[in-house]
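Survey of secondary and tertiary structure
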Amino acid sequence: MEVKEKQESHLNYSPMTLFKFELNRSQTSLFLILSLIGIFMLPFTLAGDIFLNLFQFLFSILPAYLSEPQHYHENYLIYPLFRPLISIIISTIYLILSIYALKKILRHKNAKHKIKGKIIHQERIVNWLGLKISHGQSLFIFSASLVGIFFIVQLFLESILYPSFGFGLLESLCWIPEGLYQATSHEILLDNVPLAIKATFFLLCLYSLYVVRRGKPMNPSKKIIKNYSLLIFIASFMVFILLSARIFCHLALFTYEISSLLGLSSNAPNPYQNEDFIKTISFLCICLALMITSFFLKEQNYKEMKTSDELSWFQVKLTPHRALILLSLALLYIVFFTYVYLTFILLFGGATGFTLFGPNLFDIILIMIIIFCYYPIGKILKNHRLDNIIENIDNSREFKTNWFRFHLSKTYSVILLSVSSGLVGLYIFQLLLMNMNAQVFLQDPYALNSYLLFSFPAMTVIICLILVVIVYTIKKTLPSIKSRE
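These numbers were taken from a predicted model, which means no experiment stands behind them.

Here we take up helix 6 (residues 187-214). Helix length check: helix 6, at 28 residues, gives a terminal C-alpha distance of 41 Å against a target of 40 Å (1.5 Å per residue), a fit within 8%. Inspection of helix 6 places Leu189, Val193, Pro194, Ile197, Lys198, Phe201, Leu204, Cys205, Ser208, Leu209, Val211 and Val212 among the buried residues, and these make up the whole buried set. Lining the buried residues of helix 6 we find strand 2 (21-22), strand 3 (125-128), strand 4 (131-133), helix 4 (135-161), helix 5 (169-172) and helix 7 (227-254).

As a further point, take the packing of aromatic side chains. Both the distance between ring centres and the angle between the ring planes are used here to describe each pair of aromatic rings. Within the structure shown, the criterion is met by 17 aromatic pairs. Look at phenylalanine 19 and phenylalanine 142: their rings are 5.7 Å apart centre to centre, the planes differ by 45°, and that puts the pair in the tilted class. Highlighted residues: phenylalanine 19 in the loop between strand 1 (17-18) and strand 2 and phenylalanine 142 in helix 4, separated in sequence by 123 residues. Exposure remark for phenylalanine 19: the relative accessible area of 27% places this residue in the partly exposed category. Three or more aromatic residues joined by ring pairs make a cluster, and in this case those are Phe19, Phe21, Tyr100 and Phe142.

In this section: the environment of leucine 288. Mapped onto the fold, leucine 288 is located in helix 9 (residues 271-294). Measuring from C-alpha to C-alpha, the distance between leucine 288 and phenylalanine 237 comes to 7.8 Å, with 51 residues separating the pair along the chain.

Turning our attention to the packing of helix 14 (residues 410-443) against helix 15 (residues 452-477). In a packed pair of helices, the relevant descriptors are the angle between the two axes and the axis-to-axis distance. Between helix 14 and helix 15, the shortest axis-to-axis distance is 9 Å and the interhelical angle comes to 160°. Between helix 14 and helix 15, the angle is such that the two are roughly antiparallel. When you trace helix 14 past helix 15, the crossing you get is left-handed. When the residues that make up the contact of helix 14 with helix 15 are grouped by side-chain class, the tally is 20 nonpolar, 8 polar and no charged.

Taken together, the 3 bridges between strand 3 and strand 4 define a ladder with antiparallel strand orientation. Along strand 4, the bridge assignment pairs tryptophan 128 with leucine 131. Between strand 3 and strand 4, which pair antiparallel in sequence order, lie 2 residues; one of them, leucine 129, sits at a positive phi of approximately 55°.

This part is about the side chain of threonine 477. Within the element layout of this structure, threonine 477 appears in helix 15. Note on threonine 477: relative accessible area 0%, which makes it buried. From its side chain, threonine 477 meets the backbone oxygen of threonine 473 in a polar contact 2.7 Å long. Contacts of threonine 477, omitting those with residues within four sequence positions, involve Leu408, Ser413, Leu416 and Leu417.

Cut-off values and rules
- Residues numbered from 1 in each chain as written.
- Predicted model: local features only at pLDDT ≥ 70, side-chain atom pairs only at ≥ 80, totals over all residues.
- Heavy atoms only, no water.
- Helix = DSSP H or I, 4+ residues; strand = E, 2+ residues; numbered from the N terminus.
- Expected span 1.5 Å × (residues − 1).
- Buried < 20%, exposed > 50% of the residue type's maximum accessible area, 1.4 Å probe, protein only.
- Contact = heavy atoms within 4.5 Å.
- Phe/Tyr/Trp six-rings, centres within 6.5 Å; stacked < 30°, edge-to-face > 60°.
- Axes fitted to C-alpha atoms, helices over the stretch in contact; angles between N-to-C directions.
- Parallel < 35°, antiparallel > 145°, perpendicular 65-115°, else oblique.
- Left-handed = near helix turned anticlockwise from the far one by under 90°.
- Nonpolar A, V, L, I, M, F, W, Y, C, P; charged D, E, K, R; others polar.
- Pairing = 2+ DSSP bridges.
- Polar contact = N/O pair within 3.5 Å; in protein donor to acceptor, adjacent residues only side chain to side chain.

Below, the structure written as structure tokens:
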């Protein structure tokens, strides 16, 4: 009878899972932070695509075309219509995933139902591109690959519908310098090399999704790669692919055999092109060395937590509450600035000049901000410290509050408070920026885009509504850091 009760108890127990991955308390908290970032930030992105980009098509571009269609190309309407639609669809998918993760986490309770389907357990170690990665690292690879697939699809569709839009990083790889601030390329390379790079990254994302979910588990006693080593490997591997494409462009333009095969006319490289080729080879070798080094930077899996560790950040002692707040803010800003950087150089083109003439001040500042944000993340997640932080917070004075009919624990309240507080500054800045743009529009007597008379107030209302939700969230969760005993 007792054995039967134990079996039923096991069947009724349901661990926290997301996309079939079993989550521990630290991983659940991290996904809660990411889902909150998506829920609070994506509505503004959607509002911009609807009230600015889509409205521009409906109330400016379309009427101009219908009034004098003979002056426009027959496919003129395709580009300005489908670009905002694609962005709206992708952002909606991200928002749905964020809401799904939030509801799954906040409504989870120790189960009263039988576990359905196969669960990917914590003890599994997977071989990914020759690296032994832990369950948490597999979750990171899965999440990054899922986002990467949608992002690459968006890039691919926009390059088809709007081939002349912008001058991004992938296109700049095809341009080889031939003089001071001069470069040369060929239409065949410009059309096909960026497409090949996108296809490579897309296949890599699909491979990663398959391996981390279906890959064969390995012995959990073996050593796994360190977190920062995994990031170094991924960054080096991505740059390696991009530099390989640039080397191919060199060979296609200046090697007779390859040029003839592609139908290009080859020329002897000048000193500028030789210098660029040597630089590209040198950076390629550095990336290869970093990738090889990553294989040897390992740690024993499932280290015992060091409960006596005292965390500090730039000589500031971090209590459990401070550490969780810092982690939430660091994740918020690393997601925000990474999105801004990738969007600027890949999706909207931009004039970074990263590949042609070296990184400029914009690139350096954003990269340094991203590295600065990673520093506290890596420090807090090291040696399973986050598990210890969450345990200390939950074991302190009991605290519960309600947030939109969700019952929040103390840990979840601190997370909501942290993310909300970090977003206040961003949305106040957006509100000021919207006000400045509206004033410039109203002062321009030649402005013909009358739809902006509605779009600017609508965007302002959206920002204010988001700020109201943020302030409400802060008000409901602020007591979580006041009662620490």
